[in-house]
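A structural walkthrough
Listed below, chain by chain, are the residues.
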2 protein chains.
Amino acid sequence: MSVTAPGGFRASGVAAGLKASGGPDVAVVVNDGPRFEAAGVFTSNRVHAAPVKWSRQVLTTGLLKAVVLNSGGANACTGPLGFQDTHATAEHTAAALGLGAIDVAVCSTGLIGERLPMDKLLPGVTDAVGKLAADGGGDAARAIMTTDTVPKTAVLRRDGITYGGMAKGAGMLAPGLATMLVVLTTDAVAASADLDAALRHACAYTFDRLDSDGCMSTNDTVLVLSSGASGVTPGLPALTQALRDLCDDLARQLLSDAEGSTKDIAITVRGAASEADAVTVGRSVARSNLVKTAFFGNDPNWGRILSAIGVTDAAFDPDAIDVAINGVPICVGGAAGADRSTVDLSARAVDVSIDLHAGTSEATIRTNDLSLAYVHENSAYST
Amino acid sequence: MSVTAPGGFRASGVAAGLKASGGPDVAVVVNDGPRFEAAGVFTSNRVHAAPVKWSRQVLTTGLLKAVVLNSGGANACTGPLGFQDTHATAEHTAAALGLGAIDVAVCSTGLIGERLPMDKLLPGVTDAVGKLAADGGGDAARAIMTTDTVPKTAVLRRDGITYGGMAKGAGMLAPGLATMLVVLTTDAVAASADLDAALRHACAYTFDRLDSDGCMSTNDTVLVLSSGASGVTPGLPALTQALRDLCDDLARQLLSDAEGSTKDIAITVRGAASEADAVTVGRSVARSNLVKTAFFGNDPNWGRILSAIGVTDAAFDPDAIDVAINGVPICVGGAAGADRSTVDLSARAVDVSIDLHAGTSEATIRTNDLSLAYVHENSAYST
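Being a predicted model, the structure only gives us computed values, none of them experimental.

**Let's talk about the environment of S217 of chain A**
Residue and element names in this part refer to chain A. For S217, the position within the fold is in the loop between α5 (192-205) and β9 (221-226). Looking at S217, the relative accessible area reads 4%, which means it is buried. Sequence spacing of S217 and E275 is 58 residues, and the spatial spacing of their C-alpha atoms is 25 Å. Within the structure, the side chain of S217 is placed 2.8 Å from the backbone nitrogen of N219, a separation counted as a polar contact.

**Some remarks on helix α8 (residues 289-296) of chain B**
Residue pairs three or four apart in sequence face the same way in an α-helix, which turns once every 3.6 residues. Residue and element names in this part refer to chain B. Within α8, 7 of the 8 residues are buried, which leaves the element mostly enclosed by the surrounding structure. Within α8, burial applies to N289, L290, V291, K292, T293, A294 and F295. N298 sits one or two residues past α8 and shows a positive phi near 55 degrees.

**A word on the relation of the copies chain A and chain B**
Rotating chain A by 180 degrees and moving it 0.0 Å along the rotation axis overlays it on chain B with an RMSD of 0.0 Å. Viewed as a symmetry operation, the transformation between the two copies matches a two-fold axis. Considering only C-alpha atoms, the part of chain A nearest the rotation axis is L372 of chain A, at 2.7 Å. In this assembly, 100% of the residues forming the interface of chain A have copies in chain B that are likewise at the interface, indicating an isologous arrangement.

**With respect to the interface of chain A and chain B**
Each partner contributes to the interface: chain A provides 54 residues, whereas chain B provides 54 residues. Regarding the contact of chain A and chain B, the summed buried area is about 4,100 Å², with carbon and sulfur atoms giving 56% of it. Considering only the side of chain A, the residues that lose the most area to chain B are R46, N289 and L290 of chain A, jointly responsible for 16% of the buried surface there. At the junction of chain A and chain B, the tally comes to 2 salt bridges. For R340 of chain A, the salt bridge is made with E114 of chain B, and the minimal N-O distance between the two is 3.9 Å.

**Some remarks on the pattern of salt bridges**
Inspection of every chain in the model, using the stated rule, returns 30 salt bridges over all chains. In this structure, E37 of chain A and R35 of chain A form a salt bridge, with 2.7 Å as the shortest nitrogen-oxygen distance. By relative accessible area, E37 of chain A is classed as buried at 12%. Here R10 of chain B ties to D32 of chain B by a salt bridge, and the two come within 2.8 Å at their closest N and O atoms. Of this pair, R10 of chain B sits in strand β1 (residues 9-14) while D32 of chain B sits in the loop between β2 (26-31) and β3 (38-42); the two residues are 22 residues apart in sequence, bridging distant segments of the chain. According to the relative accessible area criterion, R10 of chain B is partly exposed, its value standing at 29%. Each of E114 of chain A together with D299 and R340 of chain B takes part in a single network of salt bridges with overlapping partners.

**Observations regarding the domain arrangement of chain A**
Residue and element names in this part refer to chain A. You can read the domains of chain A as domain 1 (2-256) and domain 2 (264-380). A straight line from the C-alpha centre of domain 1 to that of domain 2 covers 33 Å. Of the residues lining the interface, 13 residues belong to domain 1; the matching set on domain 2 comes to 16 residues. For the salt bridge of R209 with E275, the shortest nitrogen-to-oxygen distance reads 2.5 Å. Counting across the domain 1 and domain 2 interface gives 7 residue pairs in polar contact (both at pLDDT 80 or more). Broken down by element, the side of domain 1 that touches domain 2 gets its largest block of residues, 3 residues, from helix α6 (residues 236-256). Looking at the side of domain 1 that touches domain 2 residue by residue, the class counts come to 4 nonpolar, 4 polar and 5 charged.

**Considering unusual backbone geometry**
Residues and elements named next belong to chain A. Of note, the amide linkage connecting G33 to P34 takes the cis form, showing an omega dihedral of 20 degrees. Following the sequence through the fold, P34 ends up in the loop between β2 (26-31) and β3 (38-42). The phi dihedral of N326 falls on the positive side, at around 45 degrees, and the residue is not glycine. Inspection of the secondary structure assignment puts N326 in the loop between β11 (322-325) and β12 (328-332). N326 gets classed as partly exposed once you look at its relative accessible area, which sits at 30%.

**Comments concerning the side chain of T367 of chain A**
Looking at the element boundaries, T367 of chain A is found in strand β15 (residues 361-368). On the basis of relative accessibility, which here comes to 2%, the residue T367 of chain A falls in the buried class.

**Comments concerning the packing of helix α5 (residues 192-205) of chain B against helix α6 (residues 236-256) of chain B**
Residues and elements named next belong to chain B. Two elements in contact, α5 and α6, have axes whose closest approach is 8 Å; the angle formed by their N-to-C orientations is 40 degrees. Here α6 runs oblique to α5, going by the angle between their axes. Classified by chirality, the crossing of α6 by α5 is right-handed. Residues D194, L195, A198, L199, H201, A202 and Y205 of α5 pack against L236, L239, T240, L243, R244 and C247 of α6. Its residues placed into classes, the contact of α5 with α6 shows 9 nonpolar, 2 polar and 2 charged.

**A few points about the nonpolar core**
Counting 47 residues, the largest nonpolar core has V26, V29, L64, V67, L69, M166 and L223 of chain A as its most contacted members. Examining the composition of this core, we find that 6 residues originate from one element, helix α3 (residues 118-130) of chain A, more than from any other. With residues near it in sequence (within four places) discarded, L223 of chain A still touches A39, G40, F42, L59, L64, V67, A105, C107, V182, V183 and L184 of chain A. One finds L18, F42, M166 and V183 of chain B within the second-largest nonpolar core, a separate group that totals 46 residues.

About the criteria used
- Throughout, residues of each chain are indexed from 1 in the direction in which the sequence is written.
- Key to labels: chains lettered from A, ligands numbered from 1, both in the order written.
- It should be noted that, the model being predicted, local features are given only for residues of pLDDT at least 70 and side-chain atom pairs only at 80 or more, the latter also being counted only at that level, while totals for whole chains, interfaces and linings use all residues.
- Think of the side-chain values as coming from all heavy atoms in the structure, minus any hydrogens and water.
- Strands are runs of DSSP state E lasting at least 2 residues, helices are runs of H or I lasting at least 4, and numbering of each runs from the N terminus.
- Classification of residues uses two cut-offs on accessible area relative to the type maximum, computed with a 1.4 Å probe and protein chains only: under 20% is buried, over 50% is exposed, and between them is partly exposed.
- Polar contacts, as counted here, are pairs of nitrogen or oxygen atoms within 3.5 Å of one another; within protein the pair requires one atom able to donate a hydrogen and one able to accept it, and residues that are adjacent in sequence qualify only if both atoms are side-chain atoms.
- Our superposition of the copies is a least-squares fit, built on the C-alpha atoms of residues whose pLDDT is at least 70 in both.
- Residue contacts follow a heavy-atom distance rule, with two residues in contact if any of their heavy atoms lie within 4.5 Å.
- Buried area: the accessible area, evaluated with a 1.4 Å probe, that two parts lose upon being put together, summed over both parts.
- Only one rule defines a salt bridge in this text: a Lys or Arg side-chain nitrogen within 4 Å of an Asp or Glu carboxyl oxygen.
- Here the bounds of each domain stem from an automatic or database domain assignment.
- Classification used: nonpolar for Ala, Val, Leu, Ile, Met, Phe, Trp, Tyr, Cys and Pro, charged for Asp, Glu, Lys and Arg, polar for all others including Gly.
- Note on method: axes are straight lines fitted to C-alpha atoms, helices fitted across the in-contact stretch only, with angles between N-to-C directions ranging 0 to 180 degrees.
- Any angle that falls under 35 degrees is termed roughly parallel, while one over 145 is termed roughly antiparallel, one within 65 to 115 roughly perpendicular, and all others oblique.
- When the near helix sits turned anticlockwise from the far one by under a right angle, the crossing is termed left-handed; a clockwise turn instead gives a right-handed crossing.
- For our purposes a nonpolar core is just a set of buried Ala, Val, Leu, Ile, Met, Phe, Trp, Tyr and Cys residues, chained together by side-chain atoms within 4.5 Å.

If you want it as structure tokens, here you go:
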């Protein structure tokens, strides 16, 4: 059901011919109300795509009635003409729905630097609007896939409110938003400012702590739309927790489907002087190609982990660092602890626990291994 | 000839059994004078090896009479006992040479986190001292290799002075020193302070601008020893230029032998508001796994380059960036320029030229592609 699980939403997904494969590539999500409060979080990459510029502008109203999404082209680095294409897409979608362009957010994903084939996209939007359905969430989720091998959807019911979500993203997963398009929906009654605060918090602790390959996309977008159809108004803490749980679910799905990955690695940094230090250390380890290739090879190479910690400016004494891998204290006080051979790395899930012994803060960064398949996918296909 | 090309130096390399392969793994370089001024630059990784702690301490005198180096073990993350091992190695070498331990720098390279087999290393040092020869530079260069496929040496003769050098390093090549051990020698007459200033400058523009895989080692060491045997005193500018040329030669050799690489990529950033901005942008592009895999696949994917530029805080307007790959202006004003198919990426050397149009500064960062072989080497072997 994904985005159509909450009351007040319809969605669809169709094949418009943007993808060479002929797979579905255009999705529309519509909020039928009665309310239309919304919020968005966007890539912090300064080179960002036309749809990001447009949607950020649209969201200044705090309201959103529809989202049109396409795979098969990012519409990034396409100049003023690319922006006109995004605008035309919003106009066309709005006209088909009896709305104004200002009510419609646009999301695109695919190859950077090429114009979208508008002669295919606009008829696709018309087709998608005609197919909008209260159970169309699954179709929409499939239409935004690129190198994803499975659609990612989530549904959460809590306190009389339903939350739904869909996500795409399988590579270029990085800080300050993993590459991805995410649309969240809820039938809660919520003020735009609350949705904005809740979404920012949720992203900061979930998507922002994914770091699959250290690369940040030009198109990352996370939107939340509320219909108010449930008539229930959650408190801000409850709303925040619900969006965080929903995002956490989707973030784990993104990680598990990361291009070519064979391991989901959770790096938890404890005993940090600050949460920022914990995030910095976790991210440095998550980004080390040597750490990532070691895990691909089932090698509990704690020396590479210490080396990655050592390049940060976090507070720690190198001779006080402990590292456990899958529960085995393989490095104690900055030197060899338990024998390497006692670490079992045969499962997909890997837990790395680092204690800096420099304070009481902690954070978890999630990443993948660096595999032969990652290199193959990202060298053989242009994205 | 490498380090024994200048007058006043002897060297040797022997197999002590540290490497499972049985290959040479212990080297000694001796300065017979008449002068002994020296300088060193070390890894800025806060997790650094015992030999780095020792050699940094030794260099505070500004003098050095010998260097003992081993492959087959990094002696990093080995605690106080590891430091004792380094000290014992210096003592043993000094005794065999009739020197004090304070005259002897120590360099180690290999797996992090394991103690060195001193029962093999010390007899190896004795053997190496016995084999010291005025033409032993080649043997020494071979004894410090790890995953290197070829020894790296350089010789430069200029203004009556001879400069020599050897280097090892093939992975974990990163900023603030590529992983490597480098020993430079010269028969120039030079003050320690001049050697120090010249070496720092030379490293900053050569090794510090290599970024093969973004990982900084715990053991990086660059030493320069001067014997004064030529009787010629170069001015500081000439000394600096000579060391820079020598380091540039060795840096290119390191890059060309980087683990599993199929491309040597020079990323030149022009039109930057400052040299620091140029370095930041170049490094961000050099570290992007998506850029690196694209080059492995012979794909001139300028969108990934723009995306990597966009995550920096350098001064630029995204719509003003130009990118040329091997001379083809593939991105003009932040959007598509010449056709992708006109870029020839069949050669090993790749030139990426980025113009930020934000100033007059420039810098070149050198990196490699990210290949299937890199992942294979770094997942299959523990280093």
